[in-house]
Amino acid sequence: QNYLDNFWPDLKAAHELFDSILQAQRERESESQENHGKEYPEHLPLEILEAGIKSGRYLQGTLNVNKHRAQLEAFVRLQGFGSKDTG
């Protein structure tokens, strides 16, 4: 802000862009505070997920994505299983 005010006071487009970026950052910070610091809201509460894992309704695993072909290659490694389940 200081740079724009001191060196480019007449450059309206730059000031508008800065204001837009600042507003977007503030909105993102307020959303993050509403979500308790999480970038994305949870789909199900943790208690339901834990109960579902214990009952066998849900499976817990790790998603591995190929960084070079992320849209085409990924697999899930289930905990307690040695094999790869692809999907």
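Since the structure is predicted, the reported quantities are computational estimates derived from the model, not experimental observations. (Residues numbered from 1 in each chain as written. Predicted model: local features only at pLDDT ≥ 70, side-chain atom pairs only at ≥ 80, totals over all residues. Heavy atoms only, no water.)

### Quick word on the overall build of the protein chain
- Tallying secondary structure elements over the protein chain gives 3 helices and 3 strands in all.
- Along the protein chain, helices (α) and strands (β) appear in the sequence α-α-α-β-β-β when read from the amino end.
- The proportion of buried residues among the 87 residues of the protein chain is 6%.
- Within the protein chain, counting contacts between residues at least 6 apart in sequence, those at least 24 apart form 0% of the total.
- Of the roughly 8,100 Å² of accessible surface on the protein chain, a fraction of 53% belongs to carbon and sulfur atoms. (Helix = DSSP H or I, 4+ residues; strand = E, 2+ residues; numbered from the N terminus. Buried < 20%, exposed > 50% of the residue type's maximum accessible area, 1.4 Å probe, protein only. Contact = heavy atoms within 4.5 Å. Areas by Shrake-Rupley, 256 points an atom, 1.4 Å probe, with all protein chains shown as cover.)

### Focus: the pattern of salt bridges
- Enumeration according to the criterion identifies 2 salt bridges in this entry.
- Between K12 and E16 there is a salt bridge, with its nearest N and O atoms 3.8 Å apart. Placement of the pair is K12 and E16 together in helix α2 (residues 12-34), with a separation of 4 residues, close to one helical turn.
- We classify K12 as exposed; its relative accessible area is 58%.
- Between E73 and R69 there is a salt bridge; the shortest N-O distance is 2.8 Å. (Salt bridge = Lys/Arg side-chain N within 4 Å of Asp/Glu carboxyl O.)

### Let's talk about the packing of aromatic side chains
- Taken as a whole and assessed by the stated rule, the structure comprises 1 aromatic pair.
- Aromatic pair Y3 and F7: ring centres 5.2 Å apart, planes at 40°, arrangement tilted. Linking Y3 with F7, this pair stays in helix α1 (residues 2-7), spanning 4 residues, or about one helical turn.
- Its relative accessible area of 52% is what places Y3 among the exposed residues. (Phe/Tyr/Trp six-rings, centres within 6.5 Å; stacked < 30°, edge-to-face > 60°.)

### Quick word on the environment of W8
- Inspection of the secondary structure puts W8 in the loop between α1 and α2.
- Those residues in contact with W8 that lie beyond four places of it in its chain are Y3 and H15.

### Examining the side chain of H15
- Take H15: it is sitting in helix α2.
- For H15, a relative accessible area of 17% corresponds to the buried category.
- A distance of 2.9 Å separates the side chain of H15 from the backbone oxygen of W8, its partner in a polar contact.
- Not counting residues within four places of it along the chain, the set of residues in contact with H15 comprises Q1, L4, D5, W8 and P9. (Polar contact = N/O pair within 3.5 Å; in protein donor to acceptor, adjacent residues only side chain to side chain.)

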